[in-house]
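Notes for the structure review
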4 protein chains.
Amino acid sequence: MHMWSVAVAGASGYAGGEVLRLLLGHPELTVGAVTADSSAGRRLGDVHPHLVPLADRVLEPTTPELLARHDVVVLALPHGASAALAAQLPHTTVVVDCGADFRLTDGAAWERFYDTPYAGSWPYGLPELPRADGTRARHDLAGARRIAVPGCYPTAVSLALAPGLAAGVVSPQDLVVVAASGTSGAGKGLKPHLLGAEVMGSMSPYGVGGGHRHTPEIAQNLSAAAGAPVSLSFTPTLAPMPRGILATCTARLTAGTTPDEVRQAWVDAYEAEPFVHLLPPGQWPRTADVVGSNHVLLQVAVDESVGRVVVVAAVDNLTKGTAGGALQCTNLALGLAETTGLPTVGVAP
Amino acid sequence: MHMWSVAVAGASGYAGGEVLRLLLGHPELTVGAVTADSSAGRRLGDVHPHLVPLADRVLEPTTPELLARHDVVVLALPHGASAALAAQLPHTTVVVDCGADFRLTDGAAWERFYDTPYAGSWPYGLPELPRADGTRARHDLAGARRIAVPGCYPTAVSLALAPGLAAGVVSPQDLVVVAASGTSGAGKGLKPHLLGAEVMGSMSPYGVGGGHRHTPEIAQNLSAAAGAPVSLSFTPTLAPMPRGILATCTARLTAGTTPDEVRQAWVDAYEAEPFVHLLPPGQWPRTADVVGSNHVLLQVAVDESVGRVVVVAAVDNLTKGTAGGALQCTNLALGLAETTGLPTVGVAP
Amino acid sequence: MHMWSVAVAGASGYAGGEVLRLLLGHPELTVGAVTADSSAGRRLGDVHPHLVPLADRVLEPTTPELLARHDVVVLALPHGASAALAAQLPHTTVVVDCGADFRLTDGAAWERFYDTPYAGSWPYGLPELPRADGTRARHDLAGARRIAVPGCYPTAVSLALAPGLAAGVVSPQDLVVVAASGTSGAGKGLKPHLLGAEVMGSMSPYGVGGGHRHTPEIAQNLSAAAGAPVSLSFTPTLAPMPRGILATCTARLTAGTTPDEVRQAWVDAYEAEPFVHLLPPGQWPRTADVVGSNHVLLQVAVDESVGRVVVVAAVDNLTKGTAGGALQCTNLALGLAETTGLPTVGVAP
Amino acid sequence: MHMWSVAVAGASGYAGGEVLRLLLGHPELTVGAVTADSSAGRRLGDVHPHLVPLADRVLEPTTPELLARHDVVVLALPHGASAALAAQLPHTTVVVDCGADFRLTDGAAWERFYDTPYAGSWPYGLPELPRADGTRARHDLAGARRIAVPGCYPTAVSLALAPGLAAGVVSPQDLVVVAASGTSGAGKGLKPHLLGAEVMGSMSPYGVGGGHRHTPEIAQNLSAAAGAPVSLSFTPTLAPMPRGILATCTARLTAGTTPDEVRQAWVDAYEAEPFVHLLPPGQWPRTADVVGSNHVLLQVAVDESVGRVVVVAAVDNLTKGTAGGALQCTNLALGLAETTGLPTVGVAP
């Protein structure tokens, strides 16, 4: 079997570590160079002790020359760093960016939320995303050589709400989303509020009032699904767990729509999808059930007394929300079966 | 100093244990009888080992005769049990019910959500709650002999949203609330989904779509604040922490209202309140900071781009959300200073 | 490729669920019947929502007839239940017992710690265990048709201490072990002290003073390694995490032994082992790094000032400590490569 | 009532924050200056949001002039910083050091474990500690003007083992201790291994093999209790909880001693102590039960088959293990009742 080599730039962070974890389980991809910035020179066994089979690999400095020797380059870098690096990689190399640099199609939105110059956009790596024109995002990904992997919140929220918007059973106006994330979503940077003693036993919000950088990305996805601009209130919260996102997403019910029609929109959207699962009626998603897995678990309820639909999605922010999504896109780019090598079972309890 | 004796019925549960913890720190109340049902006969040291000074007290069976020998009776019983018991206690005894039996003023709402007969309503024990008529709920509590203490979610959500509704800066229509609770909020009953191995590392929703019993209670409070019926979507979630509620509450901004006017509504409502604190701009509440304390921490943001106000409240579900609220009401009923003996400092980290 | 069918009896518990999780990743084993007692008739999707690919399978009642239709039967039952069932299964069926019934070779030890009749012993399923005669436990497992999988604590502690005992660098007298376990190790039974609100934020010991049932099993293993009876103080503790065991094991240094000789004993024992890893000097095991993995991480230190060796081992109690060990033994029994299908990467952070 | 003013130097850390929390509940001590180094100028409300009543206080730079204006100065500084500062404070000021600088009486031991010059020793602030001469450590504390508060591990371990050593029922040779600490014990410094994503769900050891700085301090205390040098193997571990220490301490039983004699040693030592509690037989300490409290919970078991006594102690590392101990000593220094203002009830669940 042909094996494709994959370099991971930014391998010392949580996203990079998860890409490596998944590569070790992928039958047609091999781990190539692993690179880092300030951690260059360290053993992977020191940085990611859970990656036992790679313990003796050493992190190398990130250079375009080194990366260019691979079939695939996964970038797991701070925002702003991907654009310059990607420009120096061959057009024939598959470059999959886990950062934000190429996600937004609207330069003005980029500039409101980020402090580096707008770099343009790449095909958006959320294959299952329904769009108003009846296509899915995956149609842009087969054979692509540049892919922008979504953020973790956008993965959960977009997949949760898009079917109802695309089907017209909910209104694009006045979407309200509150999501809880495990603390690995905040990265490995040393910040006082991320210390274990601060986060254990505590819930707290951040980026309230529309300030979180994932807000325009979610709106972009949902507008594509609705075929019209959406209005979205998005509040993220930090939860005392290492991994997982639970997104509670509500939208106004379109007048005259029945609960059965609502549910059917999600059934239709995902019954053929391998990684997105609408649970049986009455069962609600738990983040623990997707830990380490590329699945999205969903449930939908209609609150007729107030005219709102509530959709709850659970994903692992590092797997489907980042690294699993990246390899799913890599599969599409390389012409492999989309599900190849991706975990479909959570590690619970 | 005169000491008032307090009996605690249902002392084996989490709410009862927290009432006892707070009574031990109250300078004018003493712990009287501690009663239970299936745990009668057990040492408190076995049931609540953290209550070291009461370790050798023994739980007695719950009888009206025993309870009636006290100045105050706090009921911490499953819903439906308080009504029968309260009917057998003297009218002159202060009876403070931590259960749901006497919270709802609308019998029809009770019957939609509970399976026991409607028992009527008592003065509602959330002293700070602003009402449309300009009074606070505390006006009904001074000298009261029957008080219905709010549920934990209603405490957090009602105090979060009521100021804006009372001031007219947000609309009573289309309120959307998502709240996360520590697992002690689900009580001490043995249910598989409450096992430690299930809850650690996991977030999950429940009672989605308007089904949670606290929904009508919150709506009742907010309607009283707005002076008009509210429409509320309420989704509770279970978070991997023992204590605490983080309520993220959003409401539509009234047309023409400025962010300063919005903030001022909350400043005006709570600047004189000892237990409800609007944080300085930019600081957001964390549940860890109210653990063991009777405080409510609040913050407000206006998301002008979507026309919504977001209010986040943190409370300890067992302290301000139950037992602290109960003793605050007891203070009012007995004519003591409202803050007497109540903790105002959280145990963090 | 030939696929072997595996029935799992007791599939509703944590051990059974983990066996199923690992079977889904095994290339030569297929999931056959999944059986339970009180949960028979339930969907696996309700009981183990993380096992998405098996969600629609239904738990069947446990009967020998059903189990006997498989190549392999894994028993994940309460102690005492395996013996009767195993007696009704064909001698040619591979029966792997995750329970305690057949672990102890000393009937008197069994009777001191268990309340069911002694049923005899089977080959002991800890392949890597060094023994005083120079063999490993795996020598009894190739082609075996009955295998007793070790308990989770015995896996960690025995592998931690056996090399030093077999090599004579530590004394079999006065071993002292303190181990911390995640709460899934206590099973899925509904006990008050296992509620999330009780375990989060808390450490507590149990079975102190030699009373834990794993004590004689550990002693049996270590005596086999030492070639002489050992004396062992073993204290287990419950830690606020779902999975994982951290065993801190100390033994008296044999007079005249150097630190290098001590370390060499562990190097020699495990350098060829695929699942047991002595970390580089200075790095200590963390349980998070083996979550979901079949690895054991070890480190050894010599405290010369007090004449003790300290060995720390981290394992996942459900993977290497139960289900992973069971499939590793199944591989040996069936003549497959010992490592086939077993995860070697932890899910961290 | 006379109020004593207390300055807290190093008020931005966890120990300093806990001193402030306890001062707010003390009836005869008032919060004076709160000082810090790099955090000087910040609002306490930003640094310790749980200390609501002090939210608007501002951290000042630490200077001897400022501190000297108080009756009491509590130092909560990194080791090495206390000595220079203390030398500039009046001899009449009560100075209570939560750091290590003045704990060790043996300069050589200091120099093996610390990298700053030996500064001498002060009376040791563990009032209940039994000593071989029949006195308690509190005899040196009444009226003292300089007090060295113990480390958190030494508090738990010394109180656990000292009674048996003082009574001669266990041997001073070959003590083996394994202790688990909440992560606040590691302080508020920004270290990668203390990030929430790293510590949640994980147990790990550190300072193994005698390297932890608390080792000589524990040995000093236990030698004083035994009246002879002890030999101690001490292994600390980091547990996924914010607060609490669970110390599992074992010692060899003195030949000919009965289990009743063993238990009696602990009964005698602590039956008159207000903060140290031997639990009823069969009940084991949990760290959750001492959160926020100045109590120590203990239990003792004799494992006759191996000739070891196992003593388990639970303390809150920040309360009795640091700040509570500091105020208990302050009470003694000022001639107040030793228990004044100290919490005796844990915040559980």
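Because the structure is a prediction, the values reported are computed rather than measured. (Residues numbered from 1 in each chain as written. Chains lettered and ligands numbered in written order. Predicted model: local features only at pLDDT ≥ 70, side-chain atom pairs only at ≥ 80, totals over all residues. Heavy atoms only, no water.)

1. Considerations on the nonpolar core
Residue and element names in this part refer to chain C. Residues Leu161, Trp266 and Leu298 are the most contacted members of the largest nonpolar core, which totals 44 residues. Per-domain counts for this core show at least three residues from each of domain 1 (4–149 + 322–334) and domain 2 (153–315). Contact partners of Trp266, with chain neighbours within four places excluded, come to Leu159, Ala160, Leu161, Pro163, Gly164, Val169, Leu278, Leu298, Val300, Val309 and Val311. (Core = buried A, V, L, I, M, F, W, Y, C linked by side-chain atoms within 4.5 Å. Buried < 20%, exposed > 50% of the residue type's maximum accessible area, 1.4 Å probe, protein only. Domains from an automatic or database assignment. Contact = heavy atoms within 4.5 Å.)

2. Examining the environment of Ser184(B)
Here Ser184(B) lies in the loop between strand E7 (175–181) and helix H7 (196–199). We classify Ser184(B) as buried; its relative accessible area is 3%. For Ser184(B), the residues in contact, after removing those within four places along its chain, are Tyr14(B), Pro242(B), Arg243(B), Asn317(B), Leu318(B), Ala197(C) and Pro349(D). A distance of 3.0 Å separates the side chain of Ser184(B) from the side chain of Asn317(B), its partner in a polar contact. (Helix = DSSP H or I, 4+ residues; strand = E, 2+ residues; numbered from the N terminus. Polar contact = N/O pair within 3.5 Å; in protein donor to acceptor, adjacent residues only side chain to side chain.)

3. Some thoughts on the interface of chain D and chain C
With 40 residues of chain D at the contact, the number on the chain C side is 40 residues. Taken over both partners, the interface formed by chain D and chain C buries close to 3300 Å², and the fraction arising from carbon and sulfur atoms is 63%. Taken together, the connections running from chain D to chain C amount to six salt bridges. Salt-bridge contacts for Arg252(D) lead to Asp174(C); the nearest nitrogen and oxygen are separated by 3.4 Å. Within the residue set of the side of chain D that touches chain C, elements represented by two or more residues are strand E7 (175–181), helix H7 (196–199), strand E8 (204–205), strand E9 (232–238), strand E10 (245–252), strand E12 (296–303) and strand E13 (308–315) of chain D. Across the side of chain D that touches chain C, the residue classes tally to 21 nonpolar, twelve polar and seven charged. (Buried area = accessible area lost by both parts, 1.4 Å probe. Salt bridge = Lys/Arg side-chain N within 4 Å of Asp/Glu carboxyl O. Nonpolar A, V, L, I, M, F, W, Y, C, P; charged D, E, K, R; others polar.)

4. Points about the domain arrangement of chain A
Residues and elements named next belong to chain A. Taken domain by domain, chain A consists of domain 1 (4–149 + 322–334) and domain 2 (153–315). Relative placement of domain 1 and domain 2: their C-alpha centres are 24 Å apart. The interface is formed by 28 residues belonging to domain 1 together with 32 residues belonging to domain 2. Each partner contributes to the roughly 2300 Å² buried at the junction of domain 1 and domain 2, and carbon and sulfur atoms together form 54% of this total. Linking Glu273 and Arg138 is a salt bridge whose minimum nitrogen-to-oxygen distance equals 2.8 Å.

5. Some thoughts on the packing of helix H1 (residues 14–23) of chain A against helix H10 (residues 319–334) of chain A
Residues and elements named next belong to chain A. Packing of H1 against H10 brings their axes to within 9 Å, and their N-to-C directions diverge by 50 degrees. Viewed along their axes, H1 and H10 adopt a mutual orientation that is oblique. For the crossing formed where H1 meets H10, the hand is right-handed. On H10, the residues touching Ala15, Glu18, Val19, Arg21, Leu22 and Leu23 of H1 are Thr319, Thr322, Ala323, Gly324 and Leu327. (Axes fitted to C-alpha atoms, helices over the stretch in contact; angles between N-to-C directions. Parallel < 35°, antiparallel > 145°, perpendicular 65-115°, else oblique. Left-handed = near helix turned anticlockwise from the far one by under 90°.)

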